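# Structural description and commentary
So the chains spell out like this:
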Amino acid sequence: MWFVDLLMNILAYLPVFSLTDDLGFLTGNRGSNQPHKYYLSLINILFGERKIQLLSIPIKQPGEKVILFRIKRLSEIDAFVLSEEKANQLEANYKSHYDSLHETEQNIEKEVLLRQLSDQQSRIETSYNKINAFTTIIVAIIPIAVTFINWDTIKSMSVIGMTIFISLIYANVNLCAWIFQAINVRGFAASSFRDLKNSNEKAKEQNWQIYYDWQQTKRKADMFVCELPK
């Protein structure tokens, strides 16, 4: 239900007494077959791709213990990382699958993989365009906003007004941190021409490399989409 999704998102972003799901970064995919890993945290500070939590209590997880302090990074979540072990398994599975195909089928899959790779690259480009747009807005608005700040008015704010004001500052700092970290995000591994050059089965190696690049690019695109404001 959309109401449940909205409520879970609100609870996940709260800086105090937040409810997050370790199946994802803040919230998990409700359509996932994996069991959810809910934690109720006394303090939950977001700083770009980092989630800093204090006193996290597991909910309906009998085997898990209370976590006093932790820092979790979006780029280190399993869904966005293709480990060497996982890559080796994908390579073995794909090349075994490739050997079971006829030449025409192999060529068809190559074209499909190229299209899928291009689609993921387009998603990344769209994300970077959004980042550039947010950067332009922030650079233009923040200096203007600062000039209109009246400290006497801020001091005389009610509790609700002060809470809203602090929340806006917190949201903007978090957004600025995420933009900076996204621009400087670590690179993802890509296929090597040397491997293709040294291969005795170049057609198979080429298809595998396209498949591998698609897997890596998809993870990078998913990571950006997961955290980038919609």
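So, here is what we can say about the structure in this document. (Residues numbered from 1 in each chain as written. Predicted model: local features only at pLDDT ≥ 70, side-chain atom pairs only at ≥ 80, totals over all residues. Heavy atoms only, no water.)

## Some words on the nonpolar core
- By size, the foremost hydrophobic cluster in this structure holds 17 residues, and its most contacted members are L74, I131, W178, I179 and F224.
- Those elements that place two or more of their residues in this core are α3 (103-147), α5 (159-183) and α7 (202-227).
- It is α5 that provides the largest number of residues to this core, a total of 4 residues.
- In terms of nonpolar packing, the next biggest core, distinct from the first, is built from 12 residues, L90, L117, I210 and W214 among them. (Core = buried A, V, L, I, M, F, W, Y, C linked by side-chain atoms within 4.5 Å. Buried < 20%, exposed > 50% of the residue type's maximum accessible area, 1.4 Å probe, protein only. Helix = DSSP H or I, 4+ residues; strand = E, 2+ residues; numbered from the N terminus.)

## Notes on the sheet that holds strand β4 (residues 67-73)
- Reading across the sheet, the 4 strands line up as β1-β2-β3-β4 and stay open at both edges, with antiparallel pairing between neighbours. Lying at the two open borders of the sheet, with one neighbouring strand each, are β1 (16-21) and β4. Taken over all neighbouring pairs, the strand axes of this sheet differ in orientation by 45° on average, direction set aside.
- As defined by bridge partners, strand β3 (residues 50-59) adjoins β4 across 6 bridges and the pair is classed as antiparallel. By the bridge assignment for β4, S56 is matched with I67.
- Sheet strands in contact with helix α1 (residues 2-13) are β1 and β2 (38-47), and its direction is about 125° off that of β1.
- Contacting β2 and β3, α5 runs over the sheet at an angle of about 75° to β2. (Pairing = 2+ DSSP bridges. Axes fitted to C-alpha atoms, helices over the stretch in contact; angles between N-to-C directions. Contact = heavy atoms within 4.5 Å.)

## Details of the packing of aromatic side chains
- One pass over the full model with this rule turns up 6 aromatic pairs.
- Centroid distance Y94 to Y98: 6.4 Å. Interplanar angle 40°. Geometry classified as tilted. With a gap of 4 residues between them, Y94 and Y98 both fall in helix α2 (residues 84-99), about one helical turn apart.
- What makes Y94 buried here is its relative accessible area of 6%.
- Residue class for Y98 comes out buried when judged on its relative accessible area of 6%.
- Seen in terms of ring centroids, W208 and Y211 are 6.0 Å apart; in terms of plane orientation they differ by 35°. Their pairing is tilted. Here W208 pairs with Y211, and both are found in helix α7, just 3 residues apart, close to one helical turn.
- Given a relative accessible area of 16%, Y211 falls into the buried group.
- Within the aromatic cluster, the residues linked to one another by ring pairs are Y94, Y98, W208, Y211, Y212 and W214.
- Above the ring of Y39, the side-chain terminus of R70 is found at 4.7 Å from the ring centroid. (Phe/Tyr/Trp six-rings, centres within 6.5 Å; stacked < 30°, edge-to-face > 60°. Lys NZ or Arg CZ within 6 Å of the ring centre and 35° of its normal.)

## A few points about the layout of surface pockets
- Here the second largest pocket is characterised by a volume of approximately 350 Å³.
- Lining the second largest pocket we find I141, I142, A145, V146, I149, F165, L168, I169, N172, V173 and C176.
- Secondary structure elements with two or more residues in the lining of the second largest pocket: α3 and α5.
- Sorting elements by how many residues they give to the lining of the second largest pocket places α5 first, with 6 residues.
- Its residues placed into classes, the lining of the second largest pocket shows 10 nonpolar, 1 polar and no charged. (1 Å grid on protein atoms, 1.4 Å probe; cavity = no way out; pocket = protein on both sides within 12 Å on 5 of 7 lines; lining within 4 Å. Points joined across faces, edges and corners; volume = space filled by probe spheres on them. Nonpolar A, V, L, I, M, F, W, Y, C, P; charged D, E, K, R; others polar.)

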